[in-house]
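Commentary on secondary and tertiary structure
The residues making up each chain are set out below.
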Amino acid sequence: MRYFNKVTFGMEFRAVRSIKAGEELFTYYTDPVIHTSSRQEDLKPYGFQCGCESCRTPSDSDFVRMQLYRNTPMLVDYKRLVVFLMTPGLPESYVVDHSLQQLELIERTGLEGSEFYSSHLKFLVEAYCAVENLQKALIYLRKLEDFKRAESGGEEKSVKTLMQMVKEHPRWGWKTKIQGAMEVAGFYAHCSSVL
Ligand SMILES: [Zn+2]
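Residues numbered from 1 in each chain as written. Predicted model: local features only at pLDDT ≥ 70, side-chain atom pairs only at ≥ 80, totals over all residues. Heavy atoms only, no water.

Per an unreviewed UniProt entry, the protein is named SET domain-containing protein, and its organism is Marasmius oreades.

Here you go:
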């Protein structure tokens, strides 16, 4: 990802994933998540044809992008989170698996520089915080923080700071809190029906 640093007046390039030695790096002249034909249209003024894998295989890459648009956390995962919080006994996989699959698809397609990536990372941090899975919440918070730095600069946060962010996250322990509140509500509902 690239970011214009106003202080140094220079363009900064940062990686949000590991790069192999000798691997070719690409940058974008248009929005990488739009349809291939729209990207080609945007590239016309630059006078070159893009030879990246997505542009070489338009039917596959357009299909992936359509899938990603239809499977955003806003459309799918937050609804699953609500069901998960309200239903006792559902496993953690119920709430995280869909988002993890989308994340894998994003990584396979090389779209880690897109909002799809950051929105799934943000969701996974919330979901793992809700079930108090510190280790997993830290993994995805670290990736999300890397994304934010790649987008707008800033210093890398220490593990201690990230841990504190997780523990102070508004979603931390949410599942337990909501289940507890539901038990209390159920108890009073039972009392009033008895009375
Ligand atoms: Zn391309």
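A word on the overall build of the protein. Looking only at helices and strands, one finds 9 helices and 2 strands in the protein. Along its sequence from the N terminus, the protein presents helices and strands in the succession β-β-α-α-α-α-α-α-α-α-α. Projected onto the principal axes, the alpha-carbon positions of the protein cover approximately 80 × 40 × 30 Å. For the protein, the residues scored as buried account for 34% of the 195 residues in total. By sequence separation, contacts in the protein at least 24 residues apart represent 58% of the contacts at least 6 residues apart. As displayed, the protein has an accessible area near 12,300 Å², and 58% of this comes from carbon and sulfur atoms. Side-chain charges in the protein split into 25 positive and 25 negative, and the spacing between the mean points of these groups amounts to 2 Å. (Helix = DSSP H or I, 4+ residues; strand = E, 2+ residues; numbered from the N terminus. Buried < 20%, exposed > 50% of the residue type's maximum accessible area, 1.4 Å probe, protein only. Contact = heavy atoms within 4.5 Å. Areas by Shrake-Rupley, 256 points an atom, 1.4 Å probe, with all protein chains shown as cover. Lys, Arg positive; Asp, Glu negative; His and termini not counted. Charge placed at Lys NZ, Arg CZ, Asp CG, Glu CD.)

Taken together, the protein ligands of the zinc ion are Cys50 (SG), Cys52 (SG) and Cys55 (SG), with distances of 2.2 Å. Here the donor residues of the zinc ion share one chain and are spaced in sequence as C-x1-C-x2-C. Neither residue differs from the other here; cysteine 52 and cysteine 55 are each classed as buried. (Donors = N, O, S within 2.8 Å, 3.2 Å for Na, K, Ca; no water.)

So, on to the nonpolar core. Counting residues in each nonpolar core, the largest one holds 34 residues, and the members touching the most others are Leu68, Val95, Leu124, Tyr140 and Val166. Those elements giving two or more residues to this core turn out to be helix 3 (58–70), helix 4 (73–86), helix 5 (92–109), helix 6 (115–130), helix 7 (134–152) and helix 8 (159–167). Ranked by residue count, the leading element in this core is helix 6, at 10 residues. (Core = buried A, V, L, I, M, F, W, Y, C linked by side-chain atoms within 4.5 Å.)

Turning our attention to helix 4. End to end, helix 4 covers 18 Å across 14 residues, agreeing with the expected 20 Å (1.5 Å per residue, within 8%). Taken together, the buried positions of helix 4 are Pro73, Val76, Asp77, Leu81, Phe84 and Leu85. With its buried residues spanning 150° around the axis, helix 4 presents them on a single face. Structural note: helix 4 exposes Met74 and Lys79 on the side pointing more than 90 degrees away from its buried face. (Expected span 1.5 Å × (residues − 1). Arc of directions from axis to C-beta.)

Spanning 13 residues, helix 3 covers 18 Å between terminal C-alpha atoms, matching the ideal 18 Å at 1.5 Å per step. Residues Ser61, Asp62, Val64, Arg65 and Leu68 constitute the buried set of helix 3. End-on view of helix 3: buried residues confined to an arc of 160°, all on one side of the axis. Across helix 3 from its buried face, at more than 90 degrees, point the exposed residues Ser59, Asp60 and Arg70. In this structure, the buried residues of helix 3 make contact with helix 1 (36–43), helix 2 (53–56), helix 5 and helix 6.

This part covers the environment of methionine 163. As for its placement among the helices and strands, methionine 163 is situated in helix 8. In the structure, methionine 163 is positioned 32 residues away from valine 131 in sequence and 15 Å away in space, judged by C-alpha atoms. Not counting the four nearest positions on each side in its chain, methionine 163 is found in contact with Leu134 and Leu138.

Quick look at the packing of helix 5 against helix 6 now. Helix-helix packing is characterised by the crossing angle of the two axes and by the distance between the axes. In contact at an axis separation of 10 Å, helix 5 and helix 6 are set at 155° when each is read in the N-to-C sense. Looking at the two axes, helix 5 sits roughly antiparallel to helix 6. As for the relative orientation of helix 5 and helix 6, their crossing is left-handed in sense. Side by side, helix 5 and helix 6 meet where Glu92, Val95, Val96, Ser99, Leu100, Gln102, Leu103, Ile106 and Glu107 of the first sit next to Phe116, Tyr117, His120, Leu121, Phe123, Leu124, Ala127 and Tyr128 of the second. Grouping the constituent residues of the contact of helix 5 with helix 6 by class yields 12 nonpolar, 3 polar and 2 charged. (Axes fitted to C-alpha atoms, helices over the stretch in contact; angles between N-to-C directions. Parallel < 35°, antiparallel > 145°, perpendicular 65-115°, else oblique. Left-handed = near helix turned anticlockwise from the far one by under 90°. Nonpolar A, V, L, I, M, F, W, Y, C, P; charged D, E, K, R; others polar.)

Per-residue confidence for the protein gives a mean pLDDT of 93, with 96% of residues at or over 70. Across the protein, the element-wise mean pLDDT spans from 80 in helix 9 (residues 174–194) up to 98 in helix 6. (pLDDT = per-residue confidence, 0-100.)

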